[in-house]
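The lines below spell out each chain.
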Amino acid sequence: MNNLILAEWYKLRKNMPYRVLCLVTLSIGILYELFQLRSDASNVSSMSLFVKALGGNEILTKLAICVLAAFFISSEYANGTMKSTASIGCSRGRIYTAKVIVFTLGAALLCLIFPLTDVALGSLLYGFGHLAQVSAVEYLYRTLGFTVLFAAAFSTIAALIAVSLTDNGKTIGVSIILFLFIDPLSKKLGAEFPWYQHLYNNCVFGLFSVPYEFRMSSHDVFMCIMAPILTFVVFGVIGILVFQRKEIR
Amino acid sequence: MTEYVLKTIQLSEHYKSRIVLDKVDLAVPKGSIYGFIGLNGAGKSTLMRIVTGLSFPTSGTIELFGKSSESEIIQARKRMGSTIESPGLFPNMTAYENMEVCRLQKGVPGKDCIPKTLAIVGLQDVGNKKTRNFSLGMKQRLAIAMALLGDPEFLILDEPTNGLDPMGVVEMRDLLRRLNRELGMTILISSHILSELNLLATHYGIIHRGRLVEQLTSTELEEKCQQYLHIKVDNPERASVAIEQQLHTNEFEVLPTGVIKLFKYVKEPGKVSSVLVASGLQIEAFMPMGEELESYFASRIGGVKHE
């Protein structure tokens, strides 16, 4: 298993689209701070900009995971390297687990680049600042922690789509449609069906913005921990089952 | 008793209503170079894919290094190297980096094996060139180098000479022969260049429309692809008598066209022609001939009638 994880990590480090995604996210983070500098620098602090940036990070996180799933997982079918991996003498379950672990790790790191750039650059330009409603440091750790947790959950969903579709284009298309349109669609469906609204409110998609609120109830904290973990486990297991039965061409 | 590295027992694979493999009983003896022959779509790659764990059979079992349970077969695959269909490479990585991924996956200790293995396939000087810029032949060589990492005991190569230039084909043949003779590596190789297999294989398996038509050793094949003298004379009856009485052999046959196939004296054509001329026969055609693997293969799959 360690061998497989090491190999996947090596692949991720050498993955050109991953490097580009990291660079793009970093650039967006820097540009975001520089635009604030141009507009109004008198009334801002790193933390106030960080709070504003979290809304954008939600979309960025989802997009980055969709693109990475396509170029880190699906592309292995296209270039035939999945064949070498599958015939290496390890069970499909282990191969998939190693891949998802590294993919999740890569996605989590990617999702932290934008907020961390904001905080680091914002602190240099405007000072760290504080928040009236909650301790700034606590808020920072909490939101970053939950970002990682939700990124892990979204990663297993994207990984499942990637191994099922085995095609870069299809993976990007389907996962982006799912990740970006599930929220507006769910709001409409939720208005029609109360049971669906309840389901949506308690799944990772509905809960994603909850940790970004200044105040979280203990129920919210519980749900925001359990929902991503359960999603990770359930979609991870489904992914293993799908990959075990998949013909590799 | 012959030890087998790979055995398939009644192995079948169906895609919807199409039968791709039909109860195949293939046996690859340890230490052999097993040439797997078949037309495109005959089922060669499908069988290799099942052995390497890329596909699953509809029915039947495989035995790899004598192991037949699923978990044991997975473990046994660690003793195997393979390249199936097109070479699977990361296009944005160099040859060394592709090898490194493979080394890490196989858990081969130390990086020294990478330049050594690259040198074996003649890719020691490719430097930092990305594999997307490689020719098909270079990709093929790299795929073989990756299969060789970790010194496997059993090598499965699906059309490995595809895209290689003539010198590359010769080098590949020499390499495979060396691996087989010096390291005792068992090799299962499929190729549509039958003359190539003819120079390499110690065993053959002929597959047609999913059925294993025949398995034979190179010695058996040689016997079946017998050399003979092709003789055409003005009077085949008199010639037959002359051959029987003066050359003391009845190892010949007279075809309905009047052509005589003489299976003896292939290396003494002068002696035969002297006898025929001395018997007052007029020789119209006289040449040594022999059935090649191609024609034998064609006859086994029903392409050309085997006389």
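Remember, predicted model here, so these are calculated numbers, not experimental data. (Residues numbered from 1 in each chain as written. Chains lettered and ligands numbered in written order. Predicted model: local features only at pLDDT ≥ 70, side-chain atom pairs only at ≥ 80, totals over all residues. Heavy atoms only, no water.)

Visitor: Mind showing me how you'd approach the overall build of chain B here?
Guide: From N to C terminus, chain B includes eleven helices and 14 strands. Taken along its principal axes, the extent of the C-alpha atoms in chain B is 75 × 45 × 35 Å. Counting all 307 residues of chain B, 51% fall into the buried class. Residue pairs in contact within chain B that sit at least 24 positions apart in sequence constitute 67% of those at least 6 positions apart. (Helix = DSSP H or I, 4+ residues; strand = E, 2+ residues; numbered from the N terminus. Buried < 20%, exposed > 50% of the residue type's maximum accessible area, 1.4 Å probe, protein only. Contact = heavy atoms within 4.5 Å.)

Visitor: It is not clear to me how the pattern of salt bridges should be interpreted in this structure. Could you clarify?
Guide: Proximity of charged atoms lets side chains of opposite charge pair with each other. For the structure shown, the criterion picks out 16 salt bridges over all chains. A network of salt bridges, in which partner residues are shared, links Glu8, Lys11, Glu76 and Lys99 of chain A. (Salt bridge = Lys/Arg side-chain N within 4 Å of Asp/Glu carboxyl O.)

Visitor: Any chance you could explain the environment of Gly107 of chain B here in plain terms?
Guide: All names here are of chain B. Inspection of the secondary structure puts Gly107 in the loop between helix 3 (95-106) and helix 4 (113-120). On the basis of relative accessibility, which here comes to 34%, the residue Gly107 falls in the partly exposed class. Gly107 sits 29 residues away from Lys78 along the chain, and the two C-alpha atoms are 9.9 Å apart.

Visitor: Would you explain the interface of chain A and chain B in this entry?
Guide: Size of an interface: often given as the accessible area lost when the parts come together. Between chain A and chain B, the contact holds 28 residues from the first and 29 residues from the second. Of the roughly 2400 Å² buried between chain A and chain B on both sides combined, carbon and sulfur atoms contribute 56%. Looking at the side of chain A facing chain B, the largest losses of area belong to Tyr10, Lys83 and Ile88 of chain A, adding up to 23% of the total buried there. Seen at the junction of chain A and chain B, the total is one salt bridge. With its nearest N and O atoms 3.0 Å apart, the salt bridge here joins Glu97 of chain B to Lys14 of chain A. Scanning the region where chain A abuts chain B turns up eleven residue pairs in polar contact (both at pLDDT 80 or more). Mapped by element, the contributors of at least two residues to the side of chain A that touches chain B are helix 1 (2-14) and helix 4 (81-86) of chain A. A breakdown of the residues in the side of chain A that touches chain B according to their chemical character gives nine nonpolar, ten polar and nine charged. (Buried area = accessible area lost by both parts, 1.4 Å probe. Polar contact = N/O pair within 3.5 Å; in protein donor to acceptor, adjacent residues only side chain to side chain. Nonpolar A, V, L, I, M, F, W, Y, C, P; charged D, E, K, R; others polar.)

Visitor: Explain the sheet that holds strand 10 (residues 211-217) of chain B to me, please; I cannot follow it from the model alone.
Guide: Two pairing modes exist for strands in a sheet, parallel and antiparallel, and in both the strands are linked by backbone hydrogen bonds. Residues and elements named next belong to chain B. With respect to topology, six strands assemble into an open sheet ordered 6-7-8-4-9-10, the strand pairing being mixed. Both outer strands of the open sheet, strand 6 (80-83) and strand 10, are each paired with one neighbouring strand and no more. Across this sheet, the average inter-strand angle for adjacent strands is 15°, counted without regard to direction. Where strand 4 (residues 33-37) lies against strand 8 (residues 186-190), four bridges are found, and the strand directions are parallel. Each residue of the ladder has a partner; that of Gly35, found in strand 8, is Ile189. The sheet contacts of helix 5 (residues 136-148) involve strand 6 and strand 7 (154-158), and relative to strand 6 the element is tilted by about 165°. (Pairing = 2+ DSSP bridges. Axes fitted to C-alpha atoms, helices over the stretch in contact; angles between N-to-C directions.)

Visitor: For this particular structure, what's the right way to read the nonpolar core?
Guide: The nonpolar side chains of soluble globular proteins are, as a tendency, buried together. By size, the foremost hydrophobic cluster in this structure holds 92 residues, and its most contacted members are Ile65, Leu68, Phe103 and Phe154 of chain A together with Leu64, Phe154 and Leu188 of chain B. Counting residues per element, this core draws most heavily on helix 6 (residues 136-165) of chain A, at 16 residues. Contact partners of Leu68 of chain A, with chain neighbours within four places excluded, come to Leu12, Tyr18, Leu21, Ile73, Phe103, Gly106, Ala107 and Leu110 of chain A. Counting residues in hydrophobic clusters, the runner-up holds 46 residues, among them Ala95, Leu164, Leu293 and Tyr296 of chain B. (Core = buried A, V, L, I, M, F, W, Y, C linked by side-chain atoms within 4.5 Å.)

Visitor: So what exactly am I meant to see when it comes to the packing of aromatic side chains here?
Guide: What describes a pair of aromatic rings is the distance from one ring centre to the other and the angle between the planes of the rings. All names here are of chain A. Tallied over the entire structure, the rule returns 17 aromatic pairs over all chains. Note on Tyr32 and Phe114: the rings are 6.0 Å apart at their centroids and 65° apart in plane angle, and the pair reads as edge-to-face. Highlighted residues: Tyr32 in helix 2 (residues 16-39) and Phe114 in helix 5 (residues 92-126), separated in sequence by 82 residues. With respect to burial, Tyr32 and Phe114 carry one shared label: buried. Judged by centre distance (5.7 Å) and plane angle (65°), the rings of Phe179 and Phe205 are edge-to-face. Remark: Phe205 occurs in helix 9 (residues 204-207) and Phe179 occurs in helix 7 (residues 168-192); sequence separation between them is 26 residues. The class of Phe205 is buried, set by a relative accessible area of 9%. (Phe/Tyr/Trp six-rings, centres within 6.5 Å; stacked < 30°, edge-to-face > 60°.)

Visitor: What's the story with the packing of helix 1 of chain A against helix 3 (residues 46-78) of chain A in this structure? I'm lost.
Guide: Helices that pack against each other are described as a pair by the angle of their axes relative to one another and the distance between those axes. Residues and elements named next belong to chain A. At a closest axis distance of 12 Å, the pairing of helix 1 and helix 3 adopts a crossing angle of 125°. Taken together, helix 1 and helix 3 sit at an angle that is classed as oblique. Regarding helix 1 and helix 3, the two cross each other, and that crossing is right-handed. Across the interface between the two elements, Glu8, Lys11 and Leu12 of helix 1 pack against Leu68, Phe72 and Glu76 of helix 3. Residue classes in the contact of helix 1 with helix 3 are distributed as three nonpolar, no polar and three charged. (Parallel < 35°, antiparallel > 145°, perpendicular 65-115°, else oblique. Left-handed = near helix turned anticlockwise from the far one by under 90°.)

Visitor: Explain the confidence of the model for chain A here, please?
Guide: Close inspection of predicted coordinates is inappropriate in any region flagged by low pLDDT. Residue-level pLDDT values for chain A average 91, and 98% of them are 70 or greater. Looking across chain A, the model is least confident in helix 2 of chain A, with a mean pLDDT of 88, and most confident in helix 10 (residues 218-244) of chain A, with 96. (pLDDT = per-residue confidence, 0-100.)

Visitor: It is not clear to me how the domain arrangement of chain B should be interpreted in this structure. Could you clarify?
Guide: Under the domain assignment used here, chain B contains domain 1 (4-216) and domain 2 (226-290). Each of domain 1 of chain B and domain 2 of chain B has a C-alpha centre, and these two points are 45 Å apart. (Domains from an automatic or database assignment.)

Visitor: Sorry, what's going on with the sheet that holds strand 11 (residues 227-233) of chain B here?
Guide: Residue and element names in this part refer to chain B. Here four strands make up an open sheet; going across it, the order is 12-13-11-14 and the pairing antiparallel. Edge positions in the sheet fall to strand 12 (252-254) and strand 14 (283-290), since each of these pairs with one other strand and no more. Between one strand axis and the next, the sheet turns by 15° as a mean value, whatever way the strands run. Against the sheet, helix 10 (residues 269-278) makes contact with strand 11, strand 13 (260-262) and strand 14, and its axis sits at roughly 155° relative to strand 14, the strand it touches most.

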